Amino acid sequence: MALNPLSKQNPDQRRASEEDVLMREVDEAVRQDQLANFAQRYGKPIIAAVVLGLVAFGGYLFWDHRQEAALETESETLVGALDQLQSGNLGSATERLEPLLADEGGAATQAALLKAGIAMEQGRSEDAAKIYAEVAADGDVPQLLRDLATVREVAATFDSQEPGEVVTRLKPLAVPGNPYFGSAGELVAMAYLEQGKNQEAGTLFASIAKDETQPDSLRSRARQMAGVLGVDAIEDVDAVLDGIREPAAAPQAQQ
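Note that this is a predicted model, so its numbers are computed, not measured.

> Run through the overall build of the protein chain, naming residues and quoting values.
Scanning the protein chain from terminus to terminus reveals ten helices and zero strands. Its helices and strands taken in sequence order, the protein chain reads α-α-α-α-α-α-α-α-α-α from the N to the C terminus. Counting every position in the protein chain, which comprises 255 residues, the buried fraction comes to 27%. For the protein chain, the share of sequence-separated contacts (at least 6 apart) that also reach a separation of at least 24 residues comes to 39%. Here the protein chain has roughly 17,100 Å² of accessible surface; of this, 54% comes from carbon and sulfur atoms.

In structure tokens form, the structure reads like this:
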């Protein structure tokens, strides 16, 4: 017959073991009671919080899906308008942009800038300038795009603006390192010429001509204007001469 392991212990050890078992049972009962009380007190709020969390997460997923779908639609609309623009269908391009203009956000801003550019192509400089002015004054539009709109607005209305106003508006942008240095600088230099400030104009033209980040066509115009105004805009004379000699030597090499 199997013996109870406790029978091999002396009375003190057996009593200590029994008390230990009893204490564990008491602790377990207390924990179960505490858990039951906790579940009774906080169970419903916890379940509600979990449910609300799941609902919020589901709502976020739905919103994110809608956002992605909206972005895809906006991108398709912009691409369609650009395709029409490249094909020379200016009226159709403008029509495709109208749904975006009624919304807010980046797509609406891009659509507005495109619409203004189309108006310029159609010779409607006043309409274009009005759109550019609205973009430039919109505090929700990123500053980089607001500056672009400002430069284009001034370019569209340059002939009707006072030279001093052109300088005031664009001089902060007509500095090396600014993304619109070339475009703004050329307009400011032309305004200086109208003010009779030939030295300031020549210096600014020379600065544009020496800026290798600017388009070659703009640098070439600026170099010519600086030369006319008596300002040296050539840093490497040999490189410029080589650039002149190479096109001239090409026909001779083919003979």
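> With reference to specific residues and values, describe the nonpolar core.
The biggest cluster of nonpolar side chains holds 39 residues, and the ones touching the most others in it are V151, L170 and V188. For this core, the secondary-structure elements that each account for two or more residues are α3 (106-121), α4 (125-137), α5 (143-156), α6 (163-170), α7 (181-194), α8 (198-210) and α9 (216-228). Those residues in contact with V151 that lie beyond four places of it in its chain are L170, L173, Y180, S183, A184 and L187. Ranked by size, the runner-up nonpolar core spans six residues in total, among them L97, L100, A107 and I118.

> Tell me about a negative patch on the surface, and please be specific about residues and values.
Side chains of D159, E162, E165 and E194 sit close together on the surface and give a patch of like negative charge. Turning to its location among the elements, E194 is positioned in helix α7.

> Quick one: what's the story with the environment of T109, residue by residue and with numbers?
With respect to the helices and strands, the residue T109 is situated in helix α3. Looking at T109, the relative accessible area reads 9%, which means it is buried. Distance in space between the C-alpha atoms of T109 and Y132 is 9.9 Å, their sequence separation being 23 residues. For T109, the residues in contact, after removing those within four places along its chain, are V135, V141 and L145.

> Can you tell me about the pattern of salt bridges, naming the residues and giving the values?
In total, this model carries three salt bridges according to the counting rule given. Between D127 and R124 there is a salt bridge, with the nearest N and O atoms lying 2.8 Å from each other. A salt bridge links R221 to E186; its shortest N-O distance comes to 2.9 Å. Of the two residues, R221 sits in helix α9 while E186 sits in helix α7, which places them 35 residues apart along the sequence.

> An account of the confidence of the model for the protein chain is requested, with residue identities and associated values reported.
Within the protein chain, residue pLDDT values average 74, and 55% of them lie at 70 or more. Low confidence marks residues 57-67, where pLDDT is under 50. Its contacts with residues over four positions away, or in another chain, come to zero contacts.

> Describe the packing of α4 against α5, naming the residues involved and giving the relevant values.
With their axes 8 Å apart at the nearest point, α4 and α5 run at an angle of 155° to one another. By the angle between their directions, the pair α4 and α5 is classed as roughly antiparallel. Here α4 and α5 pass one another in a crossing that is left-handed. Contacts from S125, A129, Y132, A133, V135, A136 and A137 of α4 reach α5 at L145, R146, A149, T150, R152, E153 and A156. The residue inventory of the contact of α4 with α5, partitioned by class, reads nine nonpolar, two polar and three charged.

> Outline the side chain of Q161, listing residues and values.
Within the element layout of this structure, Q161 appears in the loop between α5 and α6. On the basis of relative accessibility, which here comes to 11%, the residue Q161 falls in the buried class. A polar contact of 2.5 Å, which involves the side chain of Q161, links it to the side chain of T157. Once residues lying within four places of it in the same chain are set aside, the contact partners of Q161 are E153, V154, V166 and R169.

> Lay out the environment of L100 with the relevant residues and their values.
Relative to the helices and strands, L100 is located in helix α2 (residues 90-101). Sequence spacing of L100 and Q110 is ten residues, and the spatial spacing of their C-alpha atoms is 8.9 Å.

> Residue-level account of the side chain of E153, with values.
With respect to the element layout, E153 can be found in helix α5. The buried category is assigned to E153, whose relative accessible area is 13%. Here E153 is in contact with A129, Y132, A133, Q161 and R169, once residues within four sequence places are set aside.

Each value, and the rule that gives it
- Residues numbered from 1 in each chain as written.
- Predicted model: local features only at pLDDT ≥ 70, side-chain atom pairs only at ≥ 80, totals over all residues.
- Heavy atoms only, no water.
- Helix = DSSP H or I, 4+ residues; strand = E, 2+ residues; numbered from the N terminus.
- Buried < 20%, exposed > 50% of the residue type's maximum accessible area, 1.4 Å probe, protein only.
- Contact = heavy atoms within 4.5 Å.
- Areas by Shrake-Rupley, 256 points an atom, 1.4 Å probe, with all protein chains shown as cover.
- Core = buried A, V, L, I, M, F, W, Y, C linked by side-chain atoms within 4.5 Å.
- Patch = residues over 30% accessible without salt bridge, like charges linked within 9 Å, V, L, I, M, F, W, Y side chains within 5 Å.
- Salt bridge = Lys/Arg side-chain N within 4 Å of Asp/Glu carboxyl O.
- Lys, Arg positive; Asp, Glu negative; His and termini not counted.
- Charge placed at Lys NZ, Arg CZ, Asp CG, Glu CD.
- pLDDT = per-residue confidence, 0-100.
- Axes fitted to C-alpha atoms, helices over the stretch in contact; angles between N-to-C directions.
- Parallel < 35°, antiparallel > 145°, perpendicular 65-115°, else oblique.
- Left-handed = near helix turned anticlockwise from the far one by under 90°.
- Nonpolar A, V, L, I, M, F, W, Y, C, P; charged D, E, K, R; others polar.
- Polar contact = N/O pair within 3.5 Å; in protein donor to acceptor, adjacent residues only side chain to side chain.

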